[in-house]
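What follows is the residue order along each chain.
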Amino acid sequence: MSEHYYDEKDLAKFGNIGEFQKELGDRFFAYYGEVFKDSELSAREKSLIALAVAHAVQCPYCIDAYSTDAYEKGWSEAQMMEAVHVAAAIRGGASLVHGVQMMNKVKKIAM
Amino acid sequence: MKSLKAQHHSLADARAQLAILAYGQDGSTIPISFRDKLAQSQSYPLKPGQIDTLQINIGKMCNQTCKHCHVDAGPDRKEIMTAETMQQCLDVLRQHEQLTVVDITGGAPEMNPNFRWFVEQLTRLDKQVIVRCNLTIIVANKKYTDLPDFYRKHRVEVVSSLPFYAQDRTDRQRGDGVFDASIRALQLLNRIGYGKEGSGLKLNLVYNPSGAFLPSGQTALEKSYKEVLRQRFSIEFNELFVITNMPISRFLDYLLMSGNYESYMEKLIHAYNPAAAANVMCRNTLSVGWDGYLYDCDFNQMLELKVNCESQHIREFNDQMLKEREIVVENHCYGCTAGSGSSCGGTIA
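Here the residue numbers are simple positions, counted from 1 along each chain's written sequence. To label them, take the chains in the order written and letter them from A, then take the ligands in the order written and number them from 1. With pLDDT at 70 or above as the cut-off, local features in this predicted model cover only qualifying residues; side-chain atom pairs require 80 or more to be listed or tallied, and sums for whole chains, interfaces and linings still use all residues.

An unreviewed UniProt entry lists chain A under the name Alkylhydroperoxidase/carboxymuconolactone decarboxylase family protein, with Parapedobacter indicus given as the organism.

So this is what it looks like as structure tokens:
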């Protein structure tokens, strides 16, 4: 076992996931490959979405991969940071919007 | 910024570069050598196909000192091709009809005092002439401002580096003010028809990554370049050539200093593409150094790896020997075979 839960070298081993369950691994990577192809959205646009989602789910492997990928695909530092702010705003908003639930409850029980 | 040579930097010595490419920074060998990788895909030894292009480096002198330059070019470099060596190139080109393309590079080739004479002679030989123009030279000094007209008169194909369509990334790689000067030069070229549809005057741009990463797809990048340059600067061009940075000279220095060398080499090796290996430009191009020596490519030239046959100088050009030679490969060659591959004309697979 590695000394840390996360090891950056493990990113390169992602493709070995099929070692324990080949069929599902193969299906996942085939699906993954299709998702990121140019289609209604370009591969370039999808890369920036992936970067934002990577921050929302706080996956260090995904952040590593899509920071490189988005920069390679020509997104600027400012554009990439704006995408991260979108993730942060949605995450923050997701917490804050539950405040309505809190308000509803308090209003119901308060005199 | 001074060239590595002027700094007396250890990497100014080609042998030091080759040692790092073979043994890494810490003496650990590369996971798999380029030769072995070629052998795995039944491509070793690498042999030439039909040689139709002579890429001639007429000097290391340049008005810029780019951080990634594989030539280690700059204002402090004095090595330039003489008229005598140019004449030897012309003699070979006259005698070999199959050499239809002449690709002139540098440094800034325009800084060679015999540049214009050389292009005029090439035009008389009816060769397709490409000049790798760094753009800023056109606006660097009054004596160069008529270059666009000179190019047009001789139907020269202009190929120019513009590492990105935004100022910050371009200037970080090529120096302060380079982006703005390049835009002005592109507008001058456009004004006389270069890059315009139907003019027959070709203006191609070159993208190379401004950092330790690989280029993404040529088609998508070309689309972005065209959109942004047209919208922001009313600039038109023909094609975008996407090129991978070779881990040699100043880019190698950058990789080592930034701690990116090992991971960059891993990326290149991981992205090895046998289809790109089959189409590498050294199979149809010969490179001539400023002093007339022959190389498999401009990168081998900078690593001082001469062609592997007795015909090692332009004055003793022997078509048959050169055709039968084995192309010299070392680990920097991974740069040409990664992903969609890389050549002076962009992707190859």
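**Q** In this structure, what is going on with the packing of helix H2 (residues 43-56) of chain A against helix H3 (residues 60-72) of chain A? I would like to understand it.
**A** Packed helices, taken two at a time, are described by the angle between their axes plus the distance between the axes. All names here are of chain A. In the contact formed by H2 and H3, the axes pass within 9 Å of each other and the chain directions differ by 155°. Taken together, H2 and H3 sit at an angle that is classed as roughly antiparallel. Once H2 is placed against H3, the crossing between them reads as left-handed. Facing Ser47, Leu48, Ala50, Leu51, Ala54 and His55 of H2, the residues of H3 in contact are Cys62, Ile63, Tyr66, Ser67, Asp69 and Ala70. Residues that form the contact of H2 with H3 fall into these classes: 8 nonpolar, 3 polar and 1 charged. The convention used is that axes are lines fitted to C-alpha atoms, helices contributing only their stretch in contact, and that angles between N-to-C directions extend from 0 to 180 degrees. Strands are runs of DSSP state E lasting at least 2 residues, helices are runs of H or I lasting at least 4, and numbering of each runs from the N terminus. Each angle gets one of four labels, with under 35 degrees taken as roughly parallel, over 145 as roughly antiparallel, 65 to 115 as roughly perpendicular, and the rest as oblique. Note on convention: near helix rotated counterclockwise from far helix by under a right angle means a left-handed crossing. Clockwise means right-handed. Note that contacts rest on C-beta atoms placed from the backbone: two residues are in contact if these are within 7 Å. Residues were grouped as follows: Ala, Val, Leu, Ile, Met, Phe, Trp, Tyr, Cys and Pro as nonpolar; Asp, Glu, Lys and Arg as charged; and all remaining residues, including Gly, as polar.

**Q** Whenever I open this one, helix H11 (residues 261-270) of chain B confuses me. Can you help?
**A** Note on helix geometry: an α-helix contains 3.6 residues per turn, so any two residues three or four positions apart are oriented the same way. Residue and element names in this part refer to chain B. Between the buried cut of 20 or more and the exposed cut of 12 or fewer other C-beta atoms within 10 Å of a residue's own C-beta lies the partly exposed class, and all C-beta atoms are placed from the backbone. For H11, the full list of buried residues reads Tyr261, Tyr264, Met265 and Leu268. Buried residues of H11, seen end-on, are gathered within an arc of 95° and therefore sit on one face of the element. On its buried face, H11 sits against helix H10 (249-257) and helix H15 (334-337). By definition, the arc is the one covered by directions from the helix axis to the C-beta atoms.

**Q** I'm lost on the sheet that holds strand S3 (residues 128-132) of chain B in this one. Help?
**A** Hydrogen bonding along the main chain pairs the strands of a sheet, whether they run parallel or antiparallel. Residue and element names in this part refer to chain B. Two strands pair under a simple rule: DSSP has to find at least two bridges between them. Strand order in the open sheet made by the 8 strands is S6-S5-S4-S3-S2-S1-S7-S8, with mixed pairing throughout. Among the strands making up the open sheet, the edge pair consists of strand S6 (240-242) and strand S8 (294-295). Where strand S1 (residues 53-57) meets strand S2 (residues 101-105), 5 bridges bridge the pair, whose relative direction is parallel. The residue of S2 that forms the bridge with Asn57 is Thr105.

**Q** Could you clarify how one ought to interpret the confidence of the model for chain B in this entry?
**A** As a general rule, the predicted coordinates of low-pLDDT regions are not to be interpreted in detail. For every residue, the pLDDT score states the predictor's confidence, bounded by 0 at the bottom and 100 at the top. Averaged over all residues, the pLDDT of chain B is 96; the fraction at 70 or higher stands at 100%. Here the prediction assigns the complex a pTM of 0.91, and the interface score ipTM is 0.75.

**Q** Just checking my understanding: could you explain the pairing of S3(B) for this structure?
**A** The two faces of the sheet receive side chains in turn, since in a regular strand these alternate between them. Residues and elements named next belong to chain B. By the criterion of burial, S3 is predominantly enclosed, with 4 of the 5 residues buried. Note: S2 against S3, 4 bridges, orientation parallel. If you follow Asp103 over to S3, its bridge partner there is Ile130. The handedness of the S2 to S3 crossover, carried by helix H4 (residues 115-124), is right-handed. In terms of strand pairing, S3 meets strand S4 (residues 157-161) through 3 bridges, oriented parallel. The residue of S4 that forms the bridge with Arg132 is Val159. Here a crossover is taken to be right-handed if, once the strands point away from the viewer, the path from the first strand over the helix to the second is traced clockwise.

**Q** What am I meant to see in the nonpolar core here?
**A** Across soluble globular proteins, nonpolar side chains show a tendency to be buried alongside one another. Note on terminology: a nonpolar core is a set of buried residues of type Ala, Val, Leu, Ile, Met, Phe, Trp, Tyr or Cys, with members joined through C-beta atoms within 7 Å. Core analysis: the largest hydrophobic core is formed by 98 residues, its most contacted members being Leu54(B), Val129(B), Val131(B) and Val158(B). In terms of residue count, the dominant contributor to this core is helix H8 (residues 178-191) of chain B (7 residues). Core analysis: the second largest hydrophobic core is formed by 9 residues, Leu51(A), Tyr66(A), Tyr71(A) and Trp75(A) among them.

**Q** Can you help me understand the environment of Leu21(B) in this one?
**A** All names here are of chain B. Here Leu21 is to be found in helix H1 (residues 14-23). Look at Leu21 and you get buried, because 22 C-beta atoms sit within 10 Å. With residues near it in sequence (within four places) discarded, Leu21 still touches Pro247, Glu330, Asn331 and His332.

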